[in-house]
Amino acid sequence: MDNRTDEGHRPQYPDSRSPRQTTDSYRPGDQQKQRSMDGDAGSDRPSAPVSKRERMQERHQRRKRGRTPPSVFSRRNRSRSPDGSTPRDDRERRRSRSPLAPRSPSPEAPRQRKRPGGGARQGLADRETLRRRQEERERAEQDDALRNSRDRGVTDVVRQHYNAVPERGREWRKTESKIKGLRSFNNWVKSTLIQKFSPDEEFAARFNDTKDWADDSMGPPPIDDKRLLVLDLGCGKGGDLGKWQLAPQTVDLYVGLDPANISIEQAQGRYDQMRSGRGQRGRRPPQPIFHAEFYPKDCFGEWLGDINIIQQVGIDANAGPGGSIMASRYGGGGFDVVTSMFAIHYAFESEEKTRQMLSNVAGCLKKGGRFIGVCPNSDVIAGQVSNFHKKRKEREAAKPAEPEGPEDGEVEEDERASWGNDIYRVQFPGATPEDGVFRPPFGWKYSYFMREAVEEVPEYVVPWEAFRALTEDYNLELQYRKPFLDIWEDEKNDRDLGPLSERMGVRDRATGALAMTEEEKEAVSFYHAFCFYKV
Ligand SMILES: C[S@@+](CC[C@H](N)C(=O)[O-])C[C@H]1O[C@@H](n2cnc3c(N)ncnc32)[C@H](O)[C@@H]1O
């Protein structure tokens, strides 16, 4: 692979890493079609021989004919349904449940004489069975449609919200914004994560070596030129492009995906500006920059293997549970780093989306690749929620008893956990667990507000331990997890990250203190950062 990235020169990525798509994957529609075929097919079969002699003859004929080759349908019959049973088992079960086909106690038992009208009743019963099956099918289709529209509903709300957030200039963010301290701090944390965890192991070892050499008059030894391939899930308006340009190990390719199409256009615009040097302070000549591509994409509801550049770099459809040992040993994607900043909480709407997100992450990462990101910290949410319930109970205990409580299933206004301050607010629309343990770990929706940035958008709790347990299914091993304010304590005196915090306006140069109000500090402490390693 040619690793040079000149202006206007597109790097070529190997085609050999194209994804291995499964061809025999289970599709719910198939089974339904199969069921209706099973249900209907029986009525067309020639009737079975009835007398003992006829049966013997038929058996003899069959022996002579040998085994009948399976038809297309019977081959399909061998496939298993998700509960592990074959459609044949299923048919047997349904047959034995059916009141319409009682078995004779033994083949020798005297045959019942047909009663007049029996055929008509049989026909009616068949029609009844068909009608019931049809109803079941329609109900399943309606449930699917409802679930899809509900999923789409939240994704659309989130997409519309981010599309509508105005793109304010750098100057405004640095001077006019009421949360400029918080903005700078969040950016510093993201830079810190990129600086610490984007280089691969070999590069990191050499890089640390060069740090030790930095004061030496000989200068540091050169570091090899292996470049990074980076995928950003939920890249927004491209706010992290500059941070990737400053990554210790040079970036060769950056792919930015986000369902908000207007944000994607803005990210592309920002990249074009960086590439041309327009809008840079001091009219410096354009700096060489990595190749980048941007696409609108729901990264948690959809598979990423249909994006050309992702296919070219490499995506493994077998990553995750059920993949073979060979696939986990030799498979894998082609990206060095997958990053997702302030976005994975949107996946926790359902287990299906969370698993889709992890399949995409693990499928795209090569072995030894890193998954880095930041998201709301469930320990903070659990603490706030249980504190909320404790206070509520104290209030209730102090109050005289009320004659009537809420109707079944209703949640009283003051039972809805909420907290925050002037710049951020978290509010749960329904009941929350008193102990703060979110079980099952998906679908715990809350509404989040952040001044100037997020207007009451639905988000979902990311219960950390459940998430970490799930990542193991995808060969992702936790390497680092830290709350935002602890990262500051750990890294503020680092020889690179300390001065960077001053340049970014995070630390007051005169006092050395964090340049944030108490309210901003409380708002940033809602988050933590993580790094997983693909093993
Ligand atoms: C708070 S913004 C963060 C943007 C950017 N990562 C940053 O740090 O500046 C959250 C982003 O997540 C994106 N997002 C929401 N749902 C997503 C999904 N299903 N797939 C990918 N991104 C999603 C939103 O469109 C939005 O751009």
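Residues numbered from 1 in each chain as written. Predicted model: local features only at pLDDT ≥ 70, side-chain atom pairs only at ≥ 80, totals over all residues. Heavy atoms only, no water.

Below, the discussion takes up the UniProt feature "binding site: mRNA" (unreviewed entry) in the protein. Within this structure's numbering, the places UniProt gives as "binding site: mRNA" (unreviewed entry) are Asn186 and Asn187. Here Asn186 lies in helix α7 (residues 180-197). Looking at Asn186, the relative accessible area reads 12%, which means it is buried. Setting aside its immediate chain neighbours within four residues, Asn186 contacts Phe342, Phe484 and Val524. For Asn187, the location among the structural elements is in helix α7. Ignoring any residue separated from it by four or fewer positions in sequence, one finds Asn187 in contact with Lys243 and Met504. (UniProt positions renumbered as here; feature names shortened; annotations may be inferred. Helix = DSSP H or I, 4+ residues; strand = E, 2+ residues; numbered from the N terminus. Buried < 20%, exposed > 50% of the residue type's maximum accessible area, 1.4 Å probe, protein only. Contact = heavy atoms within 4.5 Å.)

Attention shifts here to the packing of helix α13 (residues 351-364) against helix α15 (residues 464-472). Contact pair α13 / α15: the axes reach a minimum separation of 11 Å and the direction vectors enclose 50°. As the angle between them shows, α13 and α15 are arranged oblique. Read as a crossing pair, α13 and α15 show a hand that is right-handed. Residue-level contacts link Thr354, Arg355, Met357 and Leu358 of α13 to Phe467, Leu470 and Thr471 of α15. (Axes fitted to C-alpha atoms, helices over the stretch in contact; angles between N-to-C directions. Parallel < 35°, antiparallel > 145°, perpendicular 65-115°, else oblique. Left-handed = near helix turned anticlockwise from the far one by under 90°.)

With that settled, the discussion passes to a positive patch on the surface. A grouping of Lys390, Lys391, Arg395 and Lys399 is seen on the molecular surface, where their side chains present a positively charged patch. With respect to the helices, strands and loops of the structure, Lys399 is situated in the loop between α14 (378-398) and β6 (418-420). The exposure class of Lys399 is partly exposed, given its relative accessible area of 42%. (Patch = residues over 30% accessible without salt bridge, like charges linked within 9 Å, V, L, I, M, F, W, Y side chains within 5 Å. Areas by Shrake-Rupley, 256 points an atom, 1.4 Å probe, with all protein chains shown as cover. Salt bridge = Lys/Arg side-chain N within 4 Å of Asp/Glu carboxyl O. Lys, Arg positive; Asp, Glu negative; His and termini not counted. Charge placed at Lys NZ, Arg CZ, Asp CG, Glu CD.)

On to the site of the ligand. The full set close to the ligand counts 17 residues, and Lys190, Gly234, Asp258, Asp298 and Met341 are the nearest of them. Note that an oxygen atom of the ligand is positioned 2.6 Å from one of the side-chain N or O atoms of Asp258. With respect to the ligand, the backbone of Met341 contributes an N or O atom lying 2.9 Å from a nitrogen atom. Here the ligand loses 88% of its free accessible area of 590 Å² to cover by the protein chains. Looking at the shell around the ligand, its residues break down into 11 nonpolar, two polar and four charged. (Near = heavy atom within 4 Å. Polar contact = N/O pair within 3.5 Å; in protein donor to acceptor, adjacent residues only side chain to side chain. Nonpolar A, V, L, I, M, F, W, Y, C, P; charged D, E, K, R; others polar.)

As a further point, take α7. With 18 residues, α7 extends 26 Å from end C-alpha to end C-alpha; this agrees with the ideal 26 Å at 1.5 Å per step. When you tally the buried positions in α7, you get 14 out of 18 residues, the bulk of the element. (Expected span 1.5 Å × (residues − 1).)

Once that is clear, we can look at the sheet that holds strand β7 (residues 424-427). With antiparallel pairing, the four strands of this open sheet are ordered in space as β6-β7-β8-β9. Looking at strand neighbours, the two that pair on one side only are β6 and β9 (454-460), the edges of this open sheet. Going from strand to strand, the sheet's axes swing by 15° on average, the running direction of each strand aside. Relative to β9, strand β8 (residues 445-450) runs antiparallel, the two being bridged by five bridges. Along β9, the bridge assignment pairs Met450 with Val454. (Pairing = 2+ DSSP bridges.)

Next up on the list: the sheet that holds strand β11 (residues 527-534). Across the sheet, which stays open at both edges, the seven strands sit in the order β3-β2-β1-β4-β5-β11-β10 with mixed pairing between neighbours. Edge positions in the open sheet fall to β3 (291-296) and β10 (476-483), since each of these has one partner strand only. Along the sheet, successive strands turn relative to each other by an average axial angle of 15°, direction set aside. As paired elements, strand β1 (residues 228-233) and strand β4 (residues 335-341) share three bridges and run parallel to each other. Across the sheet, the residue bridging to Val230 is Val337, located in β4. In the packing of helix α10 (residues 261-276) onto the sheet, contacts are made with β2 (251-258) and β3, and the angle to β3 comes to roughly 165°.

Attention now moves to the packing of α7 against helix α16 (residues 484-491). Here α7 crosses α16 at 65°, and the two axes come no closer than 11 Å. Note on packing geometry: the crossing formed by α7 with α16 is left-handed. Between α7, through Phe185, Asn186, Trp188, Val189, Thr192 and Lys196, and α16, the contact on the second element is made entirely by Phe484, Leu485, Ile487, Trp488 and Glu491. Tallied by class, the residues present in the contact of α7 with α16 amount to seven nonpolar, two polar and two charged.

Per the stated rule, a full pass over the model turns up 32 aromatic pairs. Their ring planes at 20° and their centres at 5.7 Å tell us that Phe348 and Phe442 sit as a pair that is stacked. In this pair, Phe348 sits in the loop between β4 and α13 while Phe442 sits in the loop between β7 and β8, placing the two residues 94 residues apart along the sequence. (Phe/Tyr/Trp six-rings, centres within 6.5 Å; stacked < 30°, edge-to-face > 60°.)

Another aspect to go through is the pattern of salt bridges. Counted by the stated rule, this structure contains 25 salt bridges. In this structure, Lys366 engages Asp336 in a salt bridge whose closest nitrogen and oxygen atoms are separated by 2.5 Å. Remark: Asp336 occurs in strand β4 and Lys366 occurs in strand β5 (residues 365-376); sequence separation between them is 30 residues. Residue class for Lys366 comes out partly exposed when judged on its relative accessible area of 22%. Given a relative accessible area of 2%, Asp336 falls into the buried group. With a shortest N-O distance of 3.7 Å, Glu502 and Arg507 are connected by a salt bridge. The class of Glu502 is partly exposed, set by a relative accessible area of 27%. Using a relative accessible area of 13% as the deciding quantity, one classes Arg507 as buried.

For β1, the buried fraction is high: six of the six residues fall into the buried class. Covered by surrounding structure in β1 are Leu228, Val230 and Asp232 together with Leu229, Leu231 and Leu233, the residues of both alternating faces. Taken together, the six bridges between β1 and β2 define a ladder with parallel strand orientation. Looking at β2, one finds that Leu228 is bridged to Val251.

Attention now moves to the side chain of Ser359. The residue Ser359 is located in helix α13 in this model. Setting aside residues no more than four positions away along its own chain, Ser359 makes contact with Trp303 and Tyr474.

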